[in-house]
4 protein chains.
Amino acid sequence: MPSHTLQFRVRYSETDQMQTFYNSRALEWFEVGRTELSRAMGLPYTEWEQRGVLIPLIEARVFFRGRASYDDLLEMTVTMKPEGRAALRFENRIVQAKSGAPVADGYTVHALLSAETGKPLRMPPWIKELLQNHG
Amino acid sequence: MPSHTLQFRVRYSETDQMQTFYNSRALEWFEVGRTELSRAMGLPYTEWEQRGVLIPLIEARVFFRGRASYDDLLEMTVTMKPEGRAALRFENRIVQAKSGAPVADGYTVHALLSAETGKPLRMPPWIKELLQNHG
Amino acid sequence: MPSHTLQFRVRYSETDQMQTFYNSRALEWFEVGRTELSRAMGLPYTEWEQRGVLIPLIEARVFFRGRASYDDLLEMTVTMKPEGRAALRFENRIVQAKSGAPVADGYTVHALLSAETGKPLRMPPWIKELLQNHG
Amino acid sequence: MPSHTLQFRVRYSETDQMQTFYNSRALEWFEVGRTELSRAMGLPYTEWEQRGVLIPLIEARVFFRGRASYDDLLEMTVTMKPEGRAALRFENRIVQAKSGAPVADGYTVHALLSAETGKPLRMPPWIKELLQNHG
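Keep in mind the model is a prediction, meaning the values are calculated, not measured.

1. A look at the overall build of chain A
For step 1, the next point in the chain: Along the backbone of chain A there are three helices and seven strands.
For step 2, the next point in the chain: When the helices and strands of chain A are read in sequence order from the N terminus, they spell out β-α-α-β-β-β-β-β-β-α.
For step 3, the next point in the chain: Relative to the compact-globule value of 14 Å for 135 residues, chain A shows a C-alpha radius of gyration of 16 Å, a close match.
For step 4, the next point in the chain: For chain A, buried positions account for 59% of its 135 residues.
For step 5, the next point in the chain: Nonlocal contacts in chain A, meaning residues at least 24 apart in sequence, comprise 67% of its contacts between residues at least 6 apart.
For step 6, the next point in the chain: Here chain A displays about 5600 Å² of accessible surface, and carbon together with sulfur accounts for 48% of that area.

2. Quick word on the packing of aromatic side chains
For step 1, the next point in the chain: Applying the stated criterion to the full structure yields 32 aromatic pairs over all chains.
For step 2, the next point in the chain: Ring pairing ties together the aromatic residues Y12(A), Y70(A), Y45(D), W48(D) and W126(D), which thus form one cluster.
For step 3, the next point in the chain: Cation over ring: R89(C) sits above Y107(C), and NZ or CZ is 4.0 Å from the ring centre.
For step 4, the next point in the chain: The lysine or arginine in question, R51(D), covers the ring of W126(D), its NZ or CZ lying 4.9 Å from the ring centre.

3. Description of helix 3 (residues 125-133) of chain B
Because each turn of an α-helix spans 3.6 residues, side chains separated by three or four positions end up pointing in the same direction.
All names here are of chain B.
For step 1, the next point in the chain: Buried residues of helix 3: W126, I127, L130 and L131, and no others. Burial along helix 3 is one-sided: seen end-on, the buried residues are contained in an arc of 150 degrees. In helix 3, the exposed positions that point more than 90 degrees away from the buried face belong to P125, Q132 and N133.
For step 2, the next point in the chain: Buried-residue contacts for helix 3 involve helix 2 (45-50), strand 2 (53-54), strand 4 (73-82) and strand 5 (87-96).

4. Side note on the interface of chain A and chain D
For step 1, the next point in the chain: With 18 residues of chain A at the contact, the number on the chain D side is 18 residues.
For step 2, the next point in the chain: Note on chain A versus chain D: buried area summed over both sides is about 1600 Å², and carbon and sulfur give 44% of it.
For step 3, the next point in the chain: Ranking the residues of chain A by area buried against chain D places R11(A), E31(A) and Y70(A) at the top, with a combined share of 36%.
For step 4, the next point in the chain: Our enumeration of links across chain A and chain D arrives at four salt bridges.
For step 5, the next point in the chain: Linking E14(A) and R11(D) is a salt bridge whose minimum nitrogen-to-oxygen distance equals 2.8 Å.

5. What to know about the relation of the copies chain A and chain D
For step 1, the next point in the chain: Mapping chain A onto chain D leaves a residual RMSD of 0.0 Å; the transformation is a rotation of 180 degrees accompanied by 0.0 Å of translation along its axis. The transformation relating the two chain copies, once decomposed into turn and shift, fits a two-fold axis. It is F8(A) whose C-alpha, among those of chain A, lies nearest the rotation axis, at 5.5 Å.
For step 2, the next point in the chain: In this assembly, 100% of the residues forming the interface of chain A have copies in chain D that are likewise at the interface, indicating an isologous arrangement.

6. What about the confidence of the model for chain A?
For step 1, the next point in the chain: For chain A, per-residue confidence averages 96 on the pLDDT scale, and residues scoring 70 or more make up 99% of the total.
For step 2, the next point in the chain: Here the predicted complex scores 0.97 on pTM and 0.96 on ipTM.

7. Thoughts on the environment of V53(D)
All names here are of chain D.
For step 1, the next point in the chain: As for its position among the elements, V53 is in strand 2 (residues 53-54).
For step 2, the next point in the chain: For the pair formed by V53 and S114, sequence separation is 61 residues and the distance between their alpha carbons is 5.1 Å.
For step 3, the next point in the chain: In contact with V53, not counting residues within four places along its chain, are Y45, W48, L112, L113, A115, L121, P124, W126 and I127.

8. Some points on the interface of chain B and chain A
For step 1, the next point in the chain: Contacts between chain B and chain A engage 23 residues on the former and 23 residues on the latter.
For step 2, the next point in the chain: Viewed at the interface, chain A and chain B are joined by four salt bridges.
For step 3, the next point in the chain: If you look at where chain B meets chain A, you find 14 residue pairs in polar contact (both at pLDDT 80 or more).
For step 4, the next point in the chain: For the side of chain B that touches chain A, the secondary structure elements donating two or more residues are helix 1 (25-40), helix 2 and strand 3 (57-64) of chain B.
For step 5, the next point in the chain: Among the elements that make up the side of chain B that touches chain A, the one with the highest residue count is strand 3 of chain B (eight residues).
For step 6, the next point in the chain: A per-class count over the side of chain B that touches chain A returns 13 nonpolar, three polar and seven charged.
For step 7, the next point in the chain: Here strand 3 (residues 57-64) of chain A pairs with strand 3 of chain B via five bridges, running antiparallel.

What counts and what doesn't
- Residues numbered from 1 in each chain as written.
- Chains lettered and ligands numbered in written order.
- Predicted model: local features only at pLDDT ≥ 70, side-chain atom pairs only at ≥ 80, totals over all residues.
- Heavy atoms only, no water.
- Helix = DSSP H or I, 4+ residues; strand = E, 2+ residues; numbered from the N terminus.
- Rg over C-alpha atoms; globule rule 2.2 N^0.38 Å.
- Buried < 20%, exposed > 50% of the residue type's maximum accessible area, 1.4 Å probe, protein only.
- Contact = heavy atoms within 4.5 Å.
- Areas by Shrake-Rupley, 256 points an atom, 1.4 Å probe, with all protein chains shown as cover.
- Phe/Tyr/Trp six-rings, centres within 6.5 Å; stacked < 30°, edge-to-face > 60°.
- Lys NZ or Arg CZ within 6 Å of the ring centre and 35° of its normal.
- Arc of directions from axis to C-beta.
- Buried area = accessible area lost by both parts, 1.4 Å probe.
- Salt bridge = Lys/Arg side-chain N within 4 Å of Asp/Glu carboxyl O.
- Least-squares fit on C-alpha atoms with pLDDT ≥ 70 in both.
- pLDDT = per-residue confidence, 0-100.
- Polar contact = N/O pair within 3.5 Å; in protein donor to acceptor, adjacent residues only side chain to side chain.
- Nonpolar A, V, L, I, M, F, W, Y, C, P; charged D, E, K, R; others polar.
- Pairing = 2+ DSSP bridges.

Right, dumping it as structure tokens:
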């Protein structure tokens, strides 16, 4: 399955008064992971939209494993999988880059919609190829 | 189980270029729900922290059911439940206030930690009472 | 000049590890003020867009006057003014609702653009009327 | 004056339904600029806090110059200057990395506070050195 690992730092704006990252930021980081995985596969997500495919979330799940403070360097691995015939699943795992201590993991499930009609799409061949060619 | 319903509007800052709310906002709205449920039970969450209890998330799950645009009036119902002996679960359901059309639902699971030591707590009696008295 | 006052509470997601609201949230609150002022004038901002007018920001300025913690009840007053012949200015003042202690104030300046062409617009008569009728 | 240039991409979470970045994100990006300038000077901002100095914003100003869409590569230059004897000023300029087209510029002004007492500080010698040594 296509997979990609990237590093990023916790922004001050992403912390909260409990001195760790605010919970919803995990979903924003997951999105950064999807974006960078798409680019790494040679097909930036902006091109998905140009090819007429939107992939809105239908489900998101996060398990919070540990703290992360302002400016901590985090490492995220994201993997793309098929979810049935007409959906995609992205799995994410975030750890502290230095120690490997777990921070958060989880997944998002995405419908495949036509950018024109907004209706569900069968998985296009070029997405099937992405899933196969990036083992 | 203690439950509370409130209404709020989608902020412009919460939309994204797909013309609906950005996915992570659901978790921010869930938090507003927990805050208002706490107040409705007579014990604002700031007092939980003063009584020495933190309830950090250990899991969050969201199912995205429909779109919501800028300024749409949404209605959210939040319910608090015990999750085993040492955790809490808040369930949320968000619909369009006018039509009742579903927007998002899901839940968050929270550990009970000592604000002093950061270590897990047994469920304090006053939380058990909240769970019983607000059927 | 049209003016409106509203109250709102600081969300947990809006705090940061300095135990006060994160600075950019002031601009998100200013936007809530513009939205509610528009509604109070009888012309919700969604109708501005339907009438073909976008009002993107060209400038924003915030003075940070004091702290505000999670769940603090804040009071914001927003006033709409013309800025020359083809722009609008919204002035905002946020204080602690209980004590009146200042939290933040500032303003945003907005161009008037055609929603169709994206080009600058002269101020439409109905906006001039809003400015005059809501002293 | 110390100055630093960095590149970053617009996240999906930072867009809004006007198909450009939401205005408050500029302040979040400015903060990323301050963070990276501090690191480039050899003194990450976390060390400022460890040395007992907080630099809360007292003013922020942004001029919005152009659009930026999801995944656009932006380039930001940030410069640190003294503001009188007891404050700092960070100036930011954001452009499209490819075309150089302006996106936003502005500045933030920061008080110098003691992390212990929360009271104003005279500018410590090591901050004066940072201002002088990084011309």
